[in-house]
Amino acid sequence: MRVTAAFSRLLRLPEVWVKKVRFEPDCVVVTVALRRQRLCCPKCSYSTMARENEQDHDSVWRHLDLGVWRLEVHCRLRRLRCPEHGALVEGVPFARDGARFTRDFDNLVAWLATKTDKTAACRLVRIDWRTVGRIIARVGTELIDGDRLSDLFEISIDEVAWRKGHRYLTLIGDHRRGRVAWGCEGKGQAAADQFFEELDPPPDDLERPHAKQPRWAPEPAIMVPFGPCPTVPAGHGIPAAWVDPGRELDPAIVARASRLTAVSMDMTGGYAASVRQHAPQATIVVDNYHVVALATKALDEVRREHWNELRRTGETAAAKQFKADRWALLKNPDDLTDSQADTLAAIRATGGKVARAWTMKEMVRAIFAPGLTVEAVSELLDRLLARLSRCRLAPFIRLGRTIRKHRHGILAARRLKLSNARAEALNNKCKLIVRRAYGFHSARAALALILLTCGPVTLTLPHQRTGQ
């Protein structure tokens, strides 16, 4: 078998044939030629037989290593003129647009990034640290599932820090599939609004993606609802689906926000405001964990206040001991050690505002005990709110106001049996991904790796391709 034929079978590059092979001290150079006659635009599906000219040099791509040797693919390309993108070099079937690596190499690096840290990936495939980030962003952008937002019914909204300095990513989780469905840089109502704009693009945005929308929408004539019927009269359905008379839109795309039945979140006001605006039919579910966390935070405020009082009165030794015993108050009773349980018993026996604060914190925890019905939780909430309003402890009075404001969302969590536990688990996994990579230089690369690891992206290694 000739060397060129052997390398044609060895490389398995689509739509090319190997012209020659050259062995260098640390590299194998394989020169290939495209089989197709037509020139294809690398940015769109346009193809033509006409060409502007031919390059006077070879384009080079890094391919999978051949043992200890680096393997480079060289090809002399032509230039075409695309009606949309102008004059540019033709695309090749074995590499992505703008990449200096083949698809197989990109996929391998992206898979390694989801399993190990960047340093190990750089050492194994012999590329630069920043190159790994660019490959992650490139692969994630291409392989993201375009239909991932079509079947969303129960979602979670939460933010996760990807870098120091209050740099956040907002992640939308799919409760039914247990994965991240969407994400963007930032947090709050602006990030949630960006999700709903992508979920249900306004009609003007379909033609002009960056067009500024008017503050007040014109009077609608027809709107597309969620359901079997194609249209309903004006004044019914969802606001995000207003369309002009005579305009044809796909109801399955435009009315996707109306399919949302429940949205779980913490008690951040921005996310709830966006949901009420874009998906008013969805039930806002407040995670029970965040309610208990607020109660623990209120207890800690009372504890610090008492600690400061001890210091001001000159009881330094008592203040020092009280600070050392803080975990006896903040930990769950089932998790206390024997010495911490004795400390807690002594604090409760002494009485005072700290003991009362601990009792009210435990009352909040008891409301969310498993096995209680929605009616029982509703009655316990009413009793708790009455107790908090009369407790004469400012942190717990504020807690009562917060719980009263989000009462319907708290009950909805028990009724629908939903929580942000899965979202918190995904957030912890995302933090581990960022920490394992030793940080990112851009939110785009961090989000791409999160979607590759936790999202609707399926990475296929070179040896797993169909037919091989």
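Below you will find a few notes about this structure. Every value quoted in this text rests on a predicted model; they were computed, and no experiment measured them.

So, on to the sheet that holds strand β8 (residues 78–82). The antiparallel open sheet is built from three strands, whose spatial order is β5-β8-β9. Two strands close off the open sheet at either side, each with one partner strand: β5 (53–54) and β9 (86–89). In this structure, β8 lies alongside β9, joined through four bridges in antiparallel fashion. Across the sheet, residue Leu 80 finds its bridge partner in β9, namely Leu 88.

Axis separation between helix α14 (residues 374–389) and helix α16 (residues 407–416) bottoms out at 9 Å; the angle between their running directions is 150°. The pairing of α14 with α16 is recorded here as roughly antiparallel in orientation. Pair α14 / α16 crosses with right-handed handedness. Contacts from Val 374, Val 377, Ser 378, Leu 381 and Asp 382 in α14 reach Arg 407, Ile 410, Leu 411, Arg 414 and Arg 415 in α16. Partitioning the contact of α14 with α16 into residue classes produces five nonpolar, one polar and four charged.

Okay, the packing of aromatic side chains next. One pass over the structure, following the stated rule, counts five aromatic pairs. Relative to Phe 195, the ring of Trp 182 lies with its centre 5.4 Å away and its plane at 55°, an arrangement referred to as tilted. On the criterion of sequence distance, the pair formed by Trp 182 in strand β12 (residues 179–185) and Phe 195 in helix α5 (residues 189–199) is long-range, its members being 13 residues apart. A relative accessible area of 0% means that Phe 195 is categorised as buried.

Let us now look at the side chain of Asn 107. Position of Asn 107 relative to the elements: it lies in helix α2 (residues 103–115). Not counting residues up to four positions away in its chain, the partners in contact with Asn 107 are Arg 96, Val 139, Leu 143 and Thr 460.

Okay, helix α9 (residues 288–312) next. Taking 1.5 Å per residue, 25 residues should reach 36 Å; α9 reaches 37 Å between its end C-alpha atoms and fits that length. Taken as a whole, α9 has its buried residues at Asn 288, His 290, Val 291, Val 292, Ala 295, Ala 298, Leu 299, Asp 300, Val 302, Arg 303, Trp 307 and Leu 310.

With that settled, the discussion passes to the environment of Leu 34. Tracing the sequence through the fold places Leu 34 in strand β2 (residues 27–34). Leu 34 sits 16 residues away from Val 18 along the chain, and the two C-alpha atoms are 9.1 Å apart. If we skip the residues at most four places from it in the chain, Leu 34 touches Glu 15, Val 16, Trp 17, Cys 75, Leu 77, Glu 90, Gly 91, Val 92, Pro 93 and Phe 94.

Each value, and the rule that gives it
- Residues numbered from 1 in each chain as written.
- Predicted model: local features only at pLDDT ≥ 70, side-chain atom pairs only at ≥ 80, totals over all residues.
- Heavy atoms only, no water.
- Pairing = 2+ DSSP bridges.
- Helix = DSSP H or I, 4+ residues; strand = E, 2+ residues; numbered from the N terminus.
- Axes fitted to C-alpha atoms, helices over the stretch in contact; angles between N-to-C directions.
- Parallel < 35°, antiparallel > 145°, perpendicular 65-115°, else oblique.
- Left-handed = near helix turned anticlockwise from the far one by under 90°.
- Contact = heavy atoms within 4.5 Å.
- Nonpolar A, V, L, I, M, F, W, Y, C, P; charged D, E, K, R; others polar.
- Phe/Tyr/Trp six-rings, centres within 6.5 Å; stacked < 30°, edge-to-face > 60°.
- Buried < 20%, exposed > 50% of the residue type's maximum accessible area, 1.4 Å probe, protein only.
- Expected span 1.5 Å × (residues − 1).

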